[in-house]
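# A structural walkthrough
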There are 2 protein chains.
Amino acid sequence: MNDLKDRHCEPPERFPGPMSPADRDAMLKQLHPDWNLDADRGLISRRLRFGNFHETIGFVNAVAWIANREDHHPDLEVSYNQCVVRFTTHAVNGLTLNDYICAAHVDALFD
Amino acid sequence: MNDLKDRHCEPPERFPGPMSPADRDAMLKQLHPDWNLDADRGLISRRLRFGNFHETIGFVNAVAWIANREDHHPDLEVSYNQCVVRFTTHAVNGLTLNDYICAAHVDALFD
């Protein structure tokens, strides 16, 4: 398998349902360790810190570029010097490969 | 007094403390009725809905322009087709005129 960051999202109808707990945990290990799995809510999140609001908004726009290109959109909690990014797949009410692919693209912004 | 939207933020050290409840309520009446006052948390918030993520992010960038120009920055809760904007003045741990001025500038984006 290619690295997650080299992959692109698939149409959500390709996924029969949310990932199994084992697959979720295995996928999480391929992301930056700051990603957290919220199994109850079926989402992964990462909090990123910045020097000021300009940097934070620059990051938001980079994430928006990824989200639009992949047609898979996170929830963002934006404040002066930090942003929390949350991915889930609403179509299956839980996590799919698409969430981990987009998370890996977000991680790649910092490589 | 000029309209709030014609005013600009003042350095937060100009404010001796949070606004009184009476002033908070009077100021709220000058904003769009969708603004809510959370007196316990000392903040005002408005939820705005959009047609898609592109529009939502366009709005986020317009708010960022206002925030940077006024040097007064909201918290934003961004999802696919909506954004919640929250203003408070951290320096006084509550609401000041600056919050209402910025809220009025946000309202003016839709006039």
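Scroll up to find the structure.
This one's a predicted model, so the numbers in the text were calculated from it and none came from an experiment.

### Notes on the relation of the copies chain B and chain A
You can overlay chain B on chain A at an RMSD of 0.0 Å; the transform is a turn of 180 degrees with a shift of 0.0 Å along its axis. In symmetry terms, the pair is related by a two-fold rotation axis. When C-alpha positions in chain B are compared against the rotation axis, the closest is assigned to Glu 77 of chain B, at 2.4 Å. A share of 100% of the interface residues of chain B reappears at the interface of chain A, consistent with the copies meeting face to face through the same patch.

### Considering the pairing of strand 3 (residues 75–79) of chain A
All names here are of chain A. The pairing of strand 3 with strand 4 (residues 82–87) spans 5 bridges and is classified as antiparallel. The partner of Leu 76 across the bridge, within strand 4, is Val 85. With antiparallel pairing between neighbouring strands as the criterion, strand 3 and strand 4 make up a hairpin whose turn holds 2 residues.

### Examining the pattern of salt bridges
Inspection of every chain in the model, using the stated rule, returns 14 salt bridges over all chains. For Glu 10 of chain A, the salt bridge goes to Arg 14 of chain A, with nearest N and O atoms at 3.5 Å. Judged by relative accessible area, which is 24%, Glu 10 of chain A ranks as partly exposed. Linking Asp 3 of chain B and Lys 5 of chain B is a salt bridge whose minimum nitrogen-to-oxygen distance equals 3.8 Å. In the salt-bridge network here, residues are joined through shared partners; they are Asp 3, Lys 5 and Asp 6 of chain A.

Cut-offs and rules
- Residues numbered from 1 in each chain as written.
- Chains lettered and ligands numbered in written order.
- Predicted model: local features only at pLDDT ≥ 70, side-chain atom pairs only at ≥ 80, totals over all residues.
- Heavy atoms only, no water.
- Least-squares fit on C-alpha atoms with pLDDT ≥ 70 in both.
- Contact = heavy atoms within 4.5 Å.
- Pairing = 2+ DSSP bridges.
- Helix = DSSP H or I, 4+ residues; strand = E, 2+ residues; numbered from the N terminus.
- Salt bridge = Lys/Arg side-chain N within 4 Å of Asp/Glu carboxyl O.
- Buried < 20%, exposed > 50% of the residue type's maximum accessible area, 1.4 Å probe, protein only.

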